Amino acid sequence: MHTAMQMRDVEAALPQSVVVGVVGAGTMGSGIAQVAATAGHTVLLLDARPGAAAAAVATLRAGLARLVDKGRLDAAQARAAGERLQAVDDLERLACCGLVVEAIVEELEPKRQLLRSLEALLADDAILASNTSSISITAIAAALRRPQRVAGLHFFNPAPVLPLVEVVAGMVSAPEVLRTLLATAAAWGKTPVLAASTPGFIVNRVARPFYGEALRLAGERAAAPATIDAICRDCGGFRMGPFEVMDLIGLDVNLAVTRSVWEGFFRDPRFTPSLMQQELVAAGHLGRKSGRGFHDYREGAGPAAPEQEPAHPLPSRIEVLGASAAAVALAERLAERGVAFSRGPGDGERIALADGAALYLGDGRSATRRAAESGVAASVVVDLARDYRSAPRLAIAPALQCPPQQAQAAAGLLQGAGYAVSRLADTPGLVLMRTVAMLANEAADAVQQGVCSAAAVDTAMRLGTNYPLGPLAWADALGVRQVVGVLDHLAAAYGEDRYRVSPFLRQRALAGWNCHE
Ligand code: NAD
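Not measured: the values here are computed from a predicted model.

**Re the overall build of the chain**
Part 1: Helix and strand content of the chain: 20 helices and 15 strands.
Part 2: Taking the principal axes of its C-alpha atoms as reference, the chain extends roughly 80 × 55 × 40 Å.
Part 3: A burial count over the chain gives 54% of its 517 residues as buried.
Part 4: Restricting the contact set of the chain to residue pairs at least 6 apart, pairs at least 24 apart contribute 69%.
Part 5: Put simply, the chain shows about 20900 Å² of open surface, and 53% of that area lies on carbon and sulfur atoms.

Quick look at the structure:
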């Protein structure tokens, strides 16, 4: 029922005449107050700390004036929005609100108590919303007389800038409450998605493999963090690599979210936290805020360079095989650079031969396994790129038994096509293919389990985490069968439940459907 709900039912939005209350005048509460006031509501801001709400209103007014200076807001609109923001000291002042959003401390009991007090003050049809990132909306609402009037309204930081809002349905949230919040968030200029109250909701759950697989790869010494970051950026089109993002968020904060999702799912191995990250947190290496995390931000330290192969000579014999996107792009890039090569028929696996080295497209098998299965020691696996035509870098892994000259021939071929080449220790799924497959797997499980729709998970990850593509759209572009194959190979290689395939993907692969059908 929830997923069928219209997201842009403008009729259902709260009219501007409805007074909005915001409790908690910290980072998020201030941002939410600004959004609601700019959208035309009178906003009453309250904080338990004396003077905090008034200080927040003053800061917000100054911020609105700065937006006028930058030409992002009309002066009259800014003044009006500033006047609509009012600090209050007493909870009773919120009695006139039609919607109250709480953004107080992230603990269940204080949130429950606050909502219980508010419920006693407000009209029966008022909506109580929580901006919690990790607490069950069902649990927050459970102690109330009207739990059906409670839902999550989860903004992202900074709330005035980031477009995504997760509207979170508790077990008994009323459909009209959800509809009103979806429509109101849209009227406030946000893109709302509907999620069921489950650990991490959509974004904080589905993003876990982006960090988790990177941490695993670094922990297994497949590559250094700077190399994994460069592969995600250059080959995947992510704005930042996973270690850069963790350094920005704070390793302690990122670890706490991972722990909470892991505990929330009864320690599902998909979400197992990383020992390496835990050690860094224990050492106080928390990322940018402490000067060091995975990368070094101290005075004089430059950004770490990714591991990259030195220039190797062009192989004397190059054959590009088949018509996969990777092979076609490779042939085009070689031709553009005047490199001589021949074309050969594809076998669905190898994309090129270079002086006896066979280059395989990654399918979750390690190069060593490829070599063992094919009997060709000189096997090299090439990692995924979102667009092989324009990618500046490719990652490769030669089999353990691959002779050094042939590993160099494979790198020389790709360098001849203009790619920077990062050589990884041979690891199943390599970096990007493994990351994309695991993101799609988590997104698929969220859909399978009724947390959200396929469209919502893609929208949430594009807008909430800036991914270049939604994970399910990415799986469709790669082919669902291919993604399932990668996960099956990872599960076989590690023998761990972590890589089990979501039934949503398995069924679609069998039916020949994509994720959005
Ligand atoms: P914050 O510490 O910046 O602000 C919290 C404010 O609430 C403080 O000013 C505090 O004085 C006040 N407060 C605490 N208990 C109160 C109470 N009982 N009554 C009234 N005021 C009270 O925290 P924040 O980062 O703004 O987070 C607030 C909520 O938003 C949390 O639930 C958090 O999980 C969630 N959230 C945070 C982020 C983020 O990136 N910071 C993102 C999304 C959601």
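**So, the pattern of salt bridges**
Should their charged atoms come close, side chains of opposite charge can pair.
Part 1: Applying the stated criterion to the full structure yields 30 salt bridges.
Part 2: The partner of D363 in a salt bridge is R370, with the nearest N and O atoms 3.0 Å apart. We note that D363, like R370, is buried.
Part 3: Where salt bridges share partners, they join E349, D363, R365, R369, R370 and E373 into one cluster.

**Some details on the pairing of strand β14 (residues 393-398)**
Part 1: Most of β14 is tucked away: 6 of the 6 residues are buried.
Part 2: A two-sided burial pattern is seen for β14, the buried positions comprising R393, A395 and A397 on one face and L394, I396 and P398 on the other.
Part 3: Pairing between strand β13 (residues 379-382) and β14: 3 bridges, direction antiparallel. Along β14, the bridge assignment pairs V382 with I396.
Part 4: Relative to strand β15 (residues 420-423), β14 is paired through 4 bridges, and the arrangement is parallel. Opposite A395, over in β15, you have S422 as the bridge partner.
Part 5: Taken together, β14, helix α15 (residues 404-416) and β15 form a β-α-β motif whose crossover is right-handed.

**A closer look at the site of the ligand**
Part 1: Taken together, 19 residues are adjacent to the ligand, and M28, D47, E106, K111 and S133 come closest.
Part 2: Within the side chain of N131, one N or O atom sits 3.0 Å away from an oxygen atom of the ligand.
Part 3: In this structure, S133 approaches the ligand through a side-chain N or O atom, which is 3.3 Å from a nitrogen atom.
Part 4: Considered on its own, the ligand offers 830 Å² of accessible surface; in the complex 71% of this is hidden by protein.
Part 5: At the level of elements, α1 (27-38) and β6 (150-155) are the ones that each hand at least two residues to the shell around the ligand.
Part 6: Taken together, the residues that form the shell around the ligand break down as 7 nonpolar, 8 polar and 4 charged.

**A word on the sheet that holds strand β8 (residues 191-196)**
Part 1: Spatial strand order, β3-β2-β1-β4-β5-β6-β7-β8: 8 strands in an open sheet with mixed pairing. In the strand order of this sheet, the two ends are held by β3 (85-88) and β8, each with one partner. Between one strand axis and the next, the sheet turns by 25° as a mean value, whatever way the strands run.
Part 2: Of the strand pairs in this sheet, β6 and strand β7 (residues 164-169) are connected by 4 bridges, and their pairing is antiparallel. Bridge pairing in β7 places F155 opposite V165.
Part 3: Along the sheet, helix α2 (residues 52-69) contacts β2 (43-46) and β3; its crossing angle with β3, the most-contacted strand, is approximately 165°.

**Focus on the domain arrangement of the chain**
Part 1: Under the domain assignment used here, the chain contains domain 1 (10-197), domain 2 (206-290), domain 3 (318-423) and domain 4 (437-511).
Part 2: Put simply, the middle of domain 2 and the middle of domain 3, counted by C-alpha atoms, are 29 Å apart.
Part 3: Of the residues lining the interface, 6 residues belong to domain 2; the matching set on domain 3 comes to 10 residues.
Part 4: For the pairing of domain 2 and domain 3, the buried interface totals around 600 Å² over both sides, and the portion due to carbon and sulfur atoms is 61%.
Part 5: In terms of surface lost to domain 3, no three residues of domain 2 exceed I231, D234 and C235, which account for 74% of the buried area on that side.
Part 6: Seen at the junction of domain 2 and domain 3, the total is 1 salt bridge.
Part 7: The salt bridge involving D234 is made with R393; its shortest N-O contact spans 2.8 Å.
Part 8: Put simply, domain 2 and domain 3 have 2 residue pairs in polar contact (both at pLDDT 80 or more) between them.

What counts as what
Residues numbered from 1 in each chain as written. Predicted model: local features only at pLDDT ≥ 70, side-chain atom pairs only at ≥ 80, totals over all residues. Heavy atoms only, no water. Helix = DSSP H or I, 4+ residues; strand = E, 2+ residues; numbered from the N terminus. Buried < 20%, exposed > 50% of the residue type's maximum accessible area, 1.4 Å probe, protein only. Contact = heavy atoms within 4.5 Å. Areas by Shrake-Rupley, 256 points an atom, 1.4 Å probe, with all protein chains shown as cover. Salt bridge = Lys/Arg side-chain N within 4 Å of Asp/Glu carboxyl O. Pairing = 2+ DSSP bridges. Right-handed = clockwise from strand over helix to strand, strands pointing away. Near = heavy atom within 4 Å. Polar contact = N/O pair within 3.5 Å; in protein donor to acceptor, adjacent residues only side chain to side chain. Nonpolar A, V, L, I, M, F, W, Y, C, P; charged D, E, K, R; others polar. Axes fitted to C-alpha atoms, helices over the stretch in contact; angles between N-to-C directions. Domains from an automatic or database assignment. Buried area = accessible area lost by both parts, 1.4 Å probe.

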